[in-house]
Amino acid sequence: MDDMLSLVEPLIPTLRRYARGLLRDVEAADDTVQDCLEKVVANWHRRRNDDPRTWMFAILHNLAINRLRQKTRRGYAVPIEDMPEATNAIAATQEETIYGKEVLLAIERLPPDHRSVILLISVEDLSYAEAAKVLGIPAGTVMSRLSRAREQLRAILESPRANVIAGQPQLRIVK
């Protein structure tokens, strides 16, 4: 343990500097260095050489790249207090409410394997790989199920029965 501390501790400032250069965000960089150090401690016995410097930088680099990719996928978080009033949610129109109910009913009509893929990818914003891991299937299977699920959903929503919720006809826009 003392050996690990003596090798890792002097590298922390350089790791922080590298993370800050990559991420350009002090808090995110510090979090990434913390994650890196956790991985180093947990996997210390797995390192392949006597010089932990390159190994630690590789771990940090991979964590930083993953964080950047995640940030581009999810967008930037803004505290709600800083949001302009104009961007606050507005009530849905009657047509939007009806369409939302139709979509929910159409999703319920999908087979369970298609429904789970649609919900994980489209609603929960998981990547194909993450959804594959959750469902325990290959990523290619996730992609093909998602494609078929979207086709089925489109067909259900375009059919005349999709406009009926609980047996009652819904309003539609006539122009």
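Residues numbered from 1 in each chain as written. Predicted model: local features only at pLDDT ≥ 70, side-chain atom pairs only at ≥ 80, totals over all residues. Heavy atoms only, no water.

Chemist: Residue-level account of the nonpolar core, with values.
Modeler: Val8, Leu15, Val40 and Met56 are the most contacted members of the largest nonpolar core, which has 20 residues in total. Elements with a minimum of two residues in this core: α1 (2-8), α2 (12-23), α3 (26-42) and α4 (52-74). In terms of residues, this core owes the most to one element, α4, which gives seven residues. With residues up to four places along the chain from it excluded, the contact list for Val8 reads Leu37, Val40, Trp44 and Met56. Among the nonpolar cores identified, the runner-up in size contains 16 residues, and Ile107, Val117, Leu146 and Ile156 belong to it. (Core = buried A, V, L, I, M, F, W, Y, C linked by side-chain atoms within 4.5 Å. Buried < 20%, exposed > 50% of the residue type's maximum accessible area, 1.4 Å probe, protein only. Helix = DSSP H or I, 4+ residues; strand = E, 2+ residues; numbered from the N terminus. Contact = heavy atoms within 4.5 Å.)

Chemist: Provide a residue-level description of the side chain of Thr32, including the pertinent values.
Modeler: Following the sequence through the fold, Thr32 ends up in helix α3. Discounting chain neighbours no more than four positions away, the residues touching Thr32 are Leu23, Leu60, Leu63, Ala64 and Arg67.

Chemist: Residue-level account of the packing of α3 against α4, with values.
Modeler: Relative placement of two packed helices is described by the angle separating their axes and the distance separating the axes. One way to put it is that α3 packs onto α4 with a least axis distance of 9 Å and a crossing angle of 130°. Taken together, α3 and α4 sit at an angle that is classed as oblique. For the crossing formed where α3 meets α4, the hand is right-handed. Contacts from Ala28, Asp31, Thr32, Val33, Asp35, Cys36, Leu37, Lys39 and Val40 in α3 reach Trp55, Met56, Ile59, Leu60, Leu63, Ala64 and Arg67 in α4. When grouped by side-chain class, the residues that make up the contact of α3 with α4 number 11 nonpolar, one polar and four charged. (Axes fitted to C-alpha atoms, helices over the stretch in contact; angles between N-to-C directions. Parallel < 35°, antiparallel > 145°, perpendicular 65-115°, else oblique. Left-handed = near helix turned anticlockwise from the far one by under 90°. Nonpolar A, V, L, I, M, F, W, Y, C, P; charged D, E, K, R; others polar.)

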